[in-house]
Amino acid sequence: MIDALVLTILMTSVPLILAATGELVVERSGVLNLGLEGMMLMGAVSAFALTYVSGSLLVGLLAGVISGCLTAAIFGFFVLGLATNQVATGLALTIFGTGLSGLIGSDFVGKAIEGLPTVFPETLSNMSFIGVFFALDAIAYLSVFIALLVWIFLFKSKYGLVLRACGISHNSAHSLGYKVLTVRWCSILFGGMMAGLGGAYLPLMLTPHWSEGMTSGRGWIALALVVFASWMPSRIIYGAILFGAITIMQLAGQARGWTIPPQFLSSLPYIATIFVLVLISSKGTAKYLAPSDLTRPFISSK
Amino acid sequence: MFYLTPRKEISLFFTISIPIISILLTIIFGFFIFSILGYDPGKALYHFFISPLSRLDKIADLFVKACPLLIIGTGLVLCFRANIWNIGAEGQLIMGAVFSGGLALSFSETQSVWLLPAMAIFSFIGGALWALFPALLKIKLRTNEILVTLMLTYVASLFLDWLVRGPWRSPTSFGFPLTKYYPDVALISKIYFPGIGNISQLHWGVFIAILICLLCWFAMEKTVFGFQIKLIGDSPQALRFSGFNESKTTITLFIISGGLAGLAGMIEVSANIGQLQPNISFGYGFTAIIVAFLARLNPAAVIISGLLIALIEVGGDSAQIALAIPKVVTGVFKGILLFFLLAGETLTKYEIGFNYNQKSSLND
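Counting starts from 1 at the beginning of each chain's written sequence and moves along it residue by residue. As they are written, the chains are lettered A onward and the ligands numbered 1 onward, keeping that order. Since the coordinates come from a predicted model, pLDDT governs what is reported: local features require at least 70, and pairs of side-chain atoms require 80 or more to be given and counted, while whole-chain, interface and lining totals use all residues. Side-chain metrics rest on all non-hydrogen atoms present in the structure, leaving aside hydrogens and water.

(A) Spotlight on the overall build of chain A. Think of it this way: any DSSP run of H or I at least four residues long counts as a helix, any run of E at least two long counts as a strand, and we number them from the N terminus. For chain A, the count of helices and strands is 13 helices and zero strands. When the elements of chain A are put in sequence order from the N terminus, they spell out α-α-α-α-α-α-α-α-α-α-α-α-α. What the globule rule says is 2.2 Å times the number of residues to the power 0.38, and the radius of gyration is computed from C-alpha atoms. Computed over its C-alpha atoms, the radius of gyration of chain A comes to 19 Å, within 12% of the 19 Å expected for a compact globule of 302 residues. Principal-axis analysis of the C-alpha atoms gives chain A an extent of 60 × 45 × 40 Å. Burial status follows relative accessibility: with a 1.4 Å probe on protein chains alone, a residue under 20% of its type maximum counts as buried, one over 50% as exposed, and anything between as partly exposed. Evaluated residue by residue, chain A yields a buried proportion of 57% over its 302 residues. Any two residues whose heavy atoms approach within 4.5 Å at even a single point are treated as in contact. Expressed as a percentage of contacts within chain A between residues at least 6 apart in sequence, the contacts between residues at least 24 apart total 76%. Accessible areas in this description were obtained via Shrake-Rupley with a 1.4 Å probe; residue shielding takes into account the shown protein chains only. Here chain A displays about 12100 Å² of accessible surface, and carbon together with sulfur accounts for 71% of that area.

Below is the structure:
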């Protein structure tokens, strides 16, 4: 019972880790993409549709990544190419993605697919206590690996330094000869791929079916997670697990016949998000750690 | 590639033509989307944009659909103008409906004509309280209001769900998640036109909505408060130097926009539904964001933009009934429209130039 619970918690945190890690890179480069929810939904529906049609999970995953990336490209075109307001453009992306994913997915409602297989043989995952850590699928391990890679990239490599510089002061980065817009384009596309993969995980693994708006606010929670992690990749992992645990309390509560209304337990992740945001901002750290050119459009002179 | 140069003055031509061009481009996009999906694009566009305007009662329905959008949209215009991002109008709408609904259900036997005004006040308070919380967090702790208002929307919707399934469920609803019906005095009546009678569902709330838009326009353009709003948005420093209190204005704006969203919730329920149920809004709080931008953040223009967006909504219904096009396609339209509007915003602020010689971009 405990093992099953821990397993569900870990799996619930996977899409959050992926989407939040992508968004972290985007924000570090100085762009706020509020369209996470839309990109995740596009990733989810494409992954489900292609897995269903082709019968191959790999094709589905790839479709999720690509469609997340393409959705992000729309965002990039507007905020980088046309210097539109990032907050409003992100909202537009969410509205657009929610609508388009629902439209694409309307033919796939009620259909089922087979989920991702686990990586390790059952003998390993049947071990007590640590067995649960061997019971996951490849994407789950990949998500932690990506978070690690992002950390190495951002803080141990020259390009990571350039990316962070663009987020802190795009004018300085520009005068040093770095191409701010190119850096931001790359980050936005990477963010889109991660959101797409995170979205793809939902119908392929968590709940093997497609339903309209199935992310139910996970994109927004991932955004809060970036603030919670104060823009540090490592903190995203345990932040995500914490949120996973809070989300799962609802299921655990129902299973044990708690008398608390289920709606109250369902609202816990959202309340926890607010609580965390308050906690972070009351310490005053968010103000100092946030990339200082976040949401400021970069207009290069000719 | 192309580059942007700031314009010295914003041209009037762009200000007026951008919403129109955006709508035309959205329709062209719609044409392609319908073709790709395998629907007859001509027929689909007819049902979307022409059919809702074809009869007087359908036009009346347009006004009914636009009613909550106008009330919420005009409140959001004030916020967005001041660079305050209240994205949780949907939740504030729900809390307004809950507060006013609580009042209506606890006085279910009353005949008093004062119930309706009292409900309006309660709904305003409900929505305002739900917006006050993120407002206080924003000014005291600088907590991001976008995320907080959004999260509170989910909480509000679950709260309503719990109420109508639990303590407020009517004993005669056969287990359905519905409350008792409101007393008659808690319902908003339809407008009676002498000689014609009622036109479809057209109710007095629509009249109130238009009045609110005009009032907000007046407040924005002709009062010191309106001046403060614009000042916060354009130059917060100037505001501080001029001795205005930024926090106070911020809180007032949250209260107004939240309260108006709450009022919209009450009107929606009292005029169209007559009882509380798990879903009382169809994303009006989110759609109103587009309404505000389509109006180019002008409260009076919200009347027109609200009706236009209502056209897409009603058109979506009619296309779903006639051609079985999924209703979510309206979301695609709304998203695309917002994209074009934002791109248009750039055109008013910057000149777009093209440089064919890539190297020159680094030399300047």
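Text resumes after the structure shown.
(B) Geometry of the overall build of chain B. Summing up its helical and strand segments, chain B has 14 helices and four strands in all. Taken over C-alpha atoms, the radius of gyration comes to 22 Å for chain B, in line with the 21 Å a tight globule of 364 residues would show. Taking the principal axes of its C-alpha atoms as reference, chain B extends roughly 80 × 60 × 40 Å. Look at the contacts in chain B between residues 6 or more apart in sequence, and 76% of them connect residues 24 or more apart. In this tally, Asp and Glu contribute negative charge and Lys and Arg positive charge; neither His nor the terminal groups of the chain are included. Where a charge sits is defined by one atom per residue type, namely NZ (Lys), CZ (Arg), CG (Asp) or CD (Glu). Charge separation in chain B, taken as the distance between the mean sites of 23 positive and 18 negative side-chain charges, equals 4 Å.

(C) Fine view of the packing of aromatic side chains. For Phe, Tyr and Trp, rings pair up if their centres lie within 6.5 Å, where Trp contributes its six-membered ring, and each pair is then called stacked (planes under 30 degrees apart), edge-to-face (over 60) or tilted (otherwise). Counted under the stated rule, the structure contains 20 aromatic pairs over all chains. Between A:F77 and A:F78 the ring centres are 5.2 Å apart and the planes differ by 80 degrees, which places this aromatic pair in the edge-to-face class. Owing to a relative accessible area of 39%, A:F77 belongs among the partly exposed residues under this scheme. Looking at A:F78, the relative accessible area reads 8%, which means it is buried. Consider the rings of A:Y270 and B:Y154, whose centres lie 4.4 Å apart with planes at 10 degrees: the pair is stacked. Highlighted residues: A:Y270 in helix α12 (residues 262-282) and B:Y154 in helix α6 (residues 145-165), drawn from two different chains.

(D) Spatial organisation of the nonpolar core. Formed by 204 residues in total, the largest nonpolar core has its most connected members in B:I72 and B:F80. The element contributing the most residues to this core is helix α3 (residues 56-81) of chain B, with 14 residues. Nonpolar cores were defined as sets of buried Ala, Val, Leu, Ile, Met, Phe, Trp, Tyr and Cys residues, with membership established by side-chain atoms within 4.5 Å.

(E) Expanded view of the pairing of strand β3 (residues 197-203) of chain B. Inspection of the sheet shows strand β2 (residues 190-193) of chain B paired to β3(B) by three bridges, in the antiparallel sense. Opposite B:K190, over in β3(B), you have B:H203 as the bridge partner. Any two strands with at least two DSSP-identified bridges between them are counted as paired.

(F) Structural context of the interface of chain B and chain A. Listed as interface residues are 45 residues of chain B and, on the opposing side, 47 residues of chain A. Contact between chain B and chain A buries roughly 4100 Å² in total, counting both sides, with carbon and sulfur atoms accounting for 82%. When two parts are brought into contact, each loses some accessible area as probed by a 1.4 Å sphere; the total of that loss over both is the buried area. Taken as a group, B:L147, B:M151 and B:F339 account for 17% of the area that chain B buries against chain A, more than any other trio of residues on that side. The working definition used for a salt bridge is a side-chain nitrogen of Lys or Arg within 4 Å of a carboxyl oxygen of Asp or Glu. There are zero salt bridges connecting chain B and chain A. The term polar contact refers here to a pair of N or O atoms within 3.5 Å; inside protein, the definition further demands a hydrogen-donor-capable atom paired with an acceptor-capable atom, and it admits residues adjacent in sequence only when both atoms are side-chain atoms. Linking chain B with chain A are three residue pairs in polar contact (both at pLDDT 80 or more), by the criterion used here.

(G) Region of the structure containing a nonpolar patch on the surface. Judged by side-chain polarity, A:L142, A:F145, A:L148, A:L149, A:W151 and A:I152 come together as a nonpolar surface patch covering roughly 520 Å² of accessible area. The partly exposed category is assigned to A:L142, whose relative accessible area is 34%. For patch detection, residues must exceed 30% relative accessible area and be free of salt bridges, and they are connected within 9 Å for like charges or within 5 Å for nonpolar side chains (Val, Leu, Ile, Met, Phe, Trp, Tyr).

(H) The environment of A:S13, seen in detail. All names here are of chain A. Position of S13 among the secondary structure elements: in helix α1 (residues 2-28). Residue S13 is classed as buried on the basis of its relative accessible area, which comes to 2%. Taking the C-alpha atoms as reference points, S13 and T295, separated by 282 residues in sequence, lie 27 Å from one another. Excluding residues that lie within four positions of it along the chain, S13 makes contacts with A240 and I241.

(I) Expanded view of unusual backbone geometry. With a phi close to 40 degrees, A:S230 is a non-glycine residue in the positive phi region. Tracing the sequence through the fold places A:S230 in the loop between α10 (218-228) and α11 (233-255). The phi dihedral of B:N83 falls on the positive side, at around 65 degrees, and the residue is not glycine. With respect to the secondary-structure elements, B:N83 resides in the loop between α3 and α4 (89-106). Classification of B:N83 as partly exposed rests on a relative accessible area of 40%.

(J) How the structure looks around the pattern of salt bridges. In the structure shown here, the tally under the stated rule is ten salt bridges over all chains. Ionic pairing is found between A:R296 and A:D293, a salt bridge with its closest N-O pair at 2.8 Å. With a relative accessible area of 46%, A:R296 lands in the partly exposed category. Judged by relative accessible area, which is 7%, A:D293 ranks as buried. The salt bridge involving B:D57 is made with B:R55; its shortest N-O contact spans 3.1 Å. Looking at B:R55, the relative accessible area reads 45%, which means it is partly exposed. A single network of salt bridges, built from pairs that share partners, joins B:K65, B:E313, B:D317, B:K327 and B:K334.

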